[in-house]
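What the coordinates show
Next come the chains, spelled out residue by residue.
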Amino acid sequence: MGSRKPVIAIDGPAGAGKTTVARRLAERLGYTLVETGTMYRAVAFGLVRDRVPQRDGPELRKYLEPLDVSLAGGRVYLNGEDVTGAIRTHEIAEATSRATTLAAVREKVTPLQRRAAAGGGVVLEGRDTGTVVCPDAQVKFYLTASLGTRAGRRHAELAARGVRASLDRVREDVRARDVQDETRELAPLKRAPDAIELDTSDLTVDEVVERMLTAIATRCSTRS
Ligand code: C5P
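As the structure is a prediction and not an experimental result, all values here were calculated from the model.

1. Re the pattern of salt bridges
Throughout the structure, instances matching the rule amount to 19 salt bridges. Note that Asp-50 is salt-bridged to Arg-49, the shortest N-O span being 3.4 Å. Overall, Asp-50 belongs to the partly exposed group, its relative accessible area being 37%. Arg-150 is paired through a salt bridge with Asp-178; the nearest N and O atoms lie 2.6 Å apart. Of this pair, Arg-150 sits in helix H7 (residues 147–160) while Asp-178 sits in helix H8 (residues 167–183), placing them 28 residues apart in sequence. Pair check on accessibility: Arg-150 and Asp-178 agree, each one buried.

Put into structure tokens, the structure is as follows:
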């Protein structure tokens, strides 16, 4: 390994705790956090707002071509416009789920994610960061948790935002998202063979982050 700082890839299903631990890990390492799902959400927001048909074809490709998505200081920008607040709605979550199955969308966004990781010193968080975006990432993690745990976390998250939904309904949504993520043809959610799997069901955020820091120190020292 040269002097470039490592790229750390974190993948796993919805509710496994990726976002929280990725944020904390990036802080502890002093690395840049790249939430790849946020970039997809920004593109989906553009498609919805500008009424672009969400199916592969010339119209979609023409729309995507000049589009730029970037992350800076915890904000996300679509062609320079701050869309951070606008992408966190149920409508955009649904649109993102659909948009991420389209080849044109993934072919547009994956290179932007690689660009964001190019300098190293980056924590990438998503579904395909260790398998497709940066298969050569120095350290890869695959976070999991039981369906019940993940549903419980989502439920609490929604409640904290004032959104009321039954636990059963949330569990069904999480299960449906798993099926969508794992069975889509392009870049499905799967553990990279060299990823370290961590089941976060019975661990606190601090415990997960400490285990990751230990694994990073070990992997990076044996490879340098
Ligand atoms: O992680 P987040 O909920 O923001 O992801 C938004 C959507 O983007 C989800 O539907 C997820 O499956 C998808 N996604 C993806 N590839 C990634 C990251 C997220 O398809 N690398």
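2. What about the nonpolar core?
Membership of the largest hydrophobic core comes to 34 residues, with the highest contact counts inside it found for Val-43, Leu-60, Leu-64, Val-69, Val-105 and Leu-124. Counting only elements with at least two residues in this core, the list comes to strand S1 (7–11), helix H2 (36–49), helix H3 (58–64), strand S4 (75–78), helix H4 (90–99), helix H5 (103–117) and strand S6 (122–126). Per-element tally for this core: the top contributor is H2, with 7 residues. With residues near it in sequence (within four places) discarded, Val-105 still touches Tyr-40, Val-43, Leu-60, Leu-64 and Ala-99.

3. Some words on the pairing of S6
Extensive coverage of S6 is indicated by the burial of 5 of its 5 residues. The two faces of S6 match: Val-122, Leu-124 and Gly-126 on one face and Val-123 and Glu-125 on the other face are all buried. By the bridge criterion, 5 bridges tie S1 to S6 in an arrangement that is parallel. Residue pairing across strands places Ile-8 opposite Val-123, the latter belonging to S6.

4. Some points on the site of the ligand
In the vicinity of the ligand lie 14 residues, with Arg-41, Arg-106, Asp-128, Asp-181 and Arg-184 positioned nearest. The separation between a nitrogen atom of the ligand and a polar side-chain atom of Asp-128 is 2.7 Å. Within the contact set of the ligand, an oxygen atom lies 2.5 Å away from a side-chain nitrogen or oxygen of Asp-181. Surface burial for the ligand is 95%, taken as the share of its 460 Å² of free accessible area covered by protein chains. Contributions of two or more residues to the shell around the ligand are made by H2, H4 and H8.

5. Here's the deal with unusual backbone geometry
Although it is not a glycine, Arg-51 sits at a positive phi angle of roughly 50°. Along the chain, Arg-51 turns up in the loop between H2 and H3. For Arg-51, a relative accessible area of 74% translates into the label exposed. Of note, Asn-79 is a non-glycine position whose phi angle comes to about 50°, a positive value. Examined against the element boundaries, Asn-79 turns out to sit in the loop between S4 and strand S5 (81–82).

6. Overview of the sheet that holds S6
If you walk across this open sheet you meet the 5 strands as S2-S6-S1-S7-S8, and the pairing is parallel. Two strands bound the open sheet, and with one partner strand each, they are strand S2 (32–35) and strand S8 (196–199). Across the sheet, the mean angle separating the axes of adjacent strands is 20° when strand polarity is ignored. Taken together, the 4 bridges between S2 and S6 define a ladder with parallel strand orientation. Within the sheet, the bridge partner assigned to Thr-32 lies in S6 and is Val-122. The sheet contacts of helix H1 (residues 18–29) involve S1, S2, S6 and strand S7 (139–144), and relative to S6 the element is tilted by about 180°.

The rules we used
- Residues numbered from 1 in each chain as written.
- Predicted model: local features only at pLDDT ≥ 70, side-chain atom pairs only at ≥ 80, totals over all residues.
- Heavy atoms only, no water.
- Salt bridge = Lys/Arg side-chain N within 4 Å of Asp/Glu carboxyl O.
- Buried < 20%, exposed > 50% of the residue type's maximum accessible area, 1.4 Å probe, protein only.
- Helix = DSSP H or I, 4+ residues; strand = E, 2+ residues; numbered from the N terminus.
- Core = buried A, V, L, I, M, F, W, Y, C linked by side-chain atoms within 4.5 Å.
- Contact = heavy atoms within 4.5 Å.
- Pairing = 2+ DSSP bridges.
- Near = heavy atom within 4 Å.
- Polar contact = N/O pair within 3.5 Å; in protein donor to acceptor, adjacent residues only side chain to side chain.
- Areas by Shrake-Rupley, 256 points an atom, 1.4 Å probe, with all protein chains shown as cover.
- Axes fitted to C-alpha atoms, helices over the stretch in contact; angles between N-to-C directions.

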